[in-house]
Amino acid sequence: MPSHDHYTGPASRSAHAAVASVQTAVLLVNLGTPAAPTAKALRPWLAEFLSDPRVIDYPRWKWWPILHGVILRLRPRRSAHAYARIWDAQGSPLRWHSEALAKALQAELGPGVRVALAMRYGEPSVASTIEQLQREGARHLLVLPLYPQYSATSTGSVIDAVGDAMKALRWPPELRLVNDYHADPGHIEALATSIESWWVQHGRGDRLLLSFHGVPERYAQLGDPYAEQCRTTTRLLRERLRLDESQLLLSFQSRVGRERWLEPYTDATVRRLAGEGVRKLDVACPGFAVDCLETLEEIAMQNRDFFAAAGGESLRYIPALNDNAEQVRSLAALARRHLQGWPA
């Protein structure tokens, strides 16, 4: 909320001038992460995440007993074990990679634009970050969710959180939001350059698999464009890398529950490819802006083991773009386009 203090003294006038100097802000939003790789820390984080009706759209009367009676009793311990496998000296990879990306984007955009980072679940929250930006004087706010492909479960949820935060402000800033950037030429070029650079250093595998986070197939049938946008990213990347459909494949990971999710499934795909004689499989995850649990543990560890157990020689995970120069430049160009037209 705006302060009601009256700035009368020199120090107050100076502070007011500093705050007023921030006019335009870019807010990056990522999924979020627990504060520690422990069941105690996972429980409230999972409760917030799985309570979001954008993520789980079952009726509350049906979902609440399952969530609180079963899932939050069992899943925190299992998830804590997975997080512990990737937690490092800097903490959660999603957190520190996102912070590094925000810092690099700030340097690229320069002092005329304030870049901030929020997490949809956990801290720093969307609401507290927007409130802080307003206190700093931001009157124009561009929200850039770090989800290249739009889904109601991800970007849609960020829109909800931003709307709730704006409703709590007496004088909210003007607002713009990047819906998706799945086909942005700069983004496709950043992905292709990253893969090619990795191949120069490590050699090229027999196949390249693009693994995207999955959603229930029912969501696509209800109008969510996510699946089609993943396919578009795959097609554009295939064209840029000059590969055919047998050389670059698409799959979806991270399914849970019993209902049908987007197919083909990543775990089934890596097993099938190993069974067909693929020895070296390269896997990239273009749906993730930075490395996180789903890339570092699910792909680089779990699916690596699935591939080896099925007879494959090595599954090599190609890191996410993180804060590399190509991603920073592409996001900066995207932000500048969306910032055009606002008065100075």
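Numbering of residues begins from 1 in every chain and follows the order in which that chain's sequence is written. Restriction of local features to residues with pLDDT of at least 70 applies here, the model being predicted, together with a cutoff of 80 or more for giving and counting side-chain atom pairs; totals for whole chains, interfaces and linings are based on all residues. Excluding hydrogens and water, the side-chain values take into account all heavy atoms of the structure.

1. Some words on the sheet that holds strand β6 (residues 248-253)
Then comes step 1: Taken in spatial order, the 4 strands of this open sheet run β6-β5-β7-β8, and their pairing is parallel. Two strands lie at the open edges of the sheet, namely β6 and β8 (314-317), each paired on one side alone. If you compare each strand with its neighbour and ignore which way they point, the axes differ by 30° on average.
Then comes step 2: Two strands qualify as a pair provided DSSP detects at least 2 bridges between them. Only DSSP runs of H or I reaching four residues or more are called helices, and only runs of E reaching two or more are called strands; each is numbered from the N terminus. In terms of strand pairing, strand β5 (residues 207-213) meets β6 through 6 bridges, oriented parallel. Counted as the bridge partner of Leu210 is Leu250 from β6. Throughout, an axis means a line fitted to C-alpha atoms (over the contacting stretch in the case of helices), and angles, computed between N-to-C directions, take values from 0 to 180 degrees.

2. What to know about the nonpolar core
Then comes step 1: Counting 42 residues, the largest nonpolar core has Val26, Leu28, Leu109, Leu144, Tyr181, Leu281 and Leu331 as the members making the most contacts within it.
Then comes step 2: If you look at the next biggest cluster of nonpolar residues, it comprises 26 residues, including Ala192, Trp198, Trp199 and Leu250. Here, the term nonpolar core denotes a set of buried Ala, Val, Leu, Ile, Met, Phe, Trp, Tyr and Cys residues that are joined through side-chain atoms within 4.5 Å. For the exposure calls, accessible area comes from a 1.4 Å probe over protein chains only, and a residue counts as buried if that area is under 20% of its type's maximum, exposed if over 50%, partly exposed in between.

3. Digging into the sheet that holds strand β3 (residues 140-145)
Then comes step 1: Ordered by their spatial adjacency, 4 strands build an open sheet running β2-β1-β3-β4, and the pairing between neighbours is parallel. For this open sheet the edge positions go to β2 (114-121) and β4 (174-177), each flanked by a neighbour on one side alone. Each strand axis lies, on average, 25° off the axis of its neighbour in the sheet, ignoring direction.
Then comes step 2: Sheet topology places strand β1 (residues 24-32) next to β3; 6 bridges connect them, and they run parallel. Residue Thr24 lies in a different strand from β3, and its bridge partner there is His140.

4. Notes on the pairing of β1
Then comes step 1: Among the 9 residues in β1, 8 count as buried, and that is most of the element.
Then comes step 2: As judged from the 7 bridges shared by β1 and β2, these two strands associate in the parallel manner. For Leu27, the partnering residue across the bridge sits in β2 and is Ala116.

5. A look at unusual backbone geometry
Then comes step 1: Between Glu123 and the following residue, Pro124, the backbone shows a cis peptide bond with an omega angle of -5°.
Then comes step 2: Turning to its location among the elements, Pro124 is positioned in the loop between β2 and α5 (126-135).
Then comes step 3: Cis peptide bonds are those with omega within 30 degrees of zero, and the linkage from Glu263 to Pro264 qualifies with 0°.
Then comes step 4: In this fold, Pro264 is placed in the loop between β6 and α10 (266-275).
Then comes step 5: Notably, Ser254 is not glycine yet its phi reads approximately 70°, a positive angle.
Then comes step 6: Positionally, Ser254 belongs in the loop between β6 and α10.
Then comes step 7: Despite not being glycine, Asn322 shows a phi value in the positive range, around 50°.
Then comes step 8: By secondary structure assignment, the location of Asn322 is in the loop between β8 and α12 (325-339).

6. A look at the environment of Leu248
Then comes step 1: Position of Leu248 among the secondary structure elements: in strand β6.
Then comes step 2: For Leu248, a relative accessible area of 0% translates into the label buried.
Then comes step 3: Setting aside residues up to four positions removed in sequence, Leu248 forms contacts with Leu208, Leu210, Thr234, Leu237, Arg238, Leu241 and Leu243. A contact between two residues is defined here by any heavy atoms of the two lying within 4.5 Å.

7. Concerning the confidence of the model for the protein
Then comes step 1: In the predicted model, the protein carries a mean pLDDT of 93, and 94% of its residues have values of at least 70.
Then comes step 2: Scored from 0 to 100, pLDDT records how confident the predictor is in each individual residue. Counting interchain partners and residues more than four positions distant, the pLDDT-below-50 stretch residues 1-20 has 17 contacts.

8. A short note on the side chain of Asn303
Then comes step 1: Among the structural elements, Asn303 can be located in helix α11 (residues 293-309).
Then comes step 2: Here the side chain of Asn303 touches Glu298 through a polar contact of 2.8 Å, landing on its backbone oxygen.
Then comes step 3: With sequence-adjacent residues up to four places away left out, Asn303 is seen in contact with Thr266, Asp267, Val270, Glu298 and Leu315. N or O atoms within 3.5 Å of each other form a polar contact, as long as, within protein, one can give a hydrogen and the other can take it, and as long as residues adjacent in sequence are counted only when both atoms are side-chain atoms.

9. Regarding the packing of aromatic side chains
Then comes step 1: The pairing test for Phe, Tyr and Trp rings, Trp by its six-membered ring, is centres within 6.5 Å, and the orientation test on the planes gives stacked under 30 degrees, edge-to-face over 60, and tilted for anything in between. Enumeration over the complete set of coordinates arrives at 5 aromatic pairs.
Then comes step 2: Plain terms: the ring middles of Phe49 and Tyr121 are 5.1 Å apart, the flat faces sit at 65° to each other, and that makes the pair edge-to-face. You can see Phe49 sitting in helix α2 (residues 39-50) and its partner Tyr121 sitting in strand β2, a full 72 residues away along the chain.
Then comes step 3: According to the relative accessible area criterion, Tyr121 is buried, its value standing at 2%.
Then comes step 4: With centroids separated by 6.0 Å and ring planes inclined at 65°, the aromatic side chains of Tyr58 and Trp63 adopt a geometry described as edge-to-face.
Then comes step 5: For Trp63, a relative accessible area of 6% corresponds to the buried category.
Then comes step 6: Three or more aromatic residues joined by ring pairs form one cluster here, namely Trp45, Phe49 and Tyr121.
Then comes step 7: Lysine and arginine charges are scored as sitting over a ring when NZ or CZ, respectively, is within 6 Å of the ring centre and within 35 degrees of the ring normal. Above the ring of Trp171, the side-chain terminus of Arg139 is found at 3.6 Å from the ring centroid.

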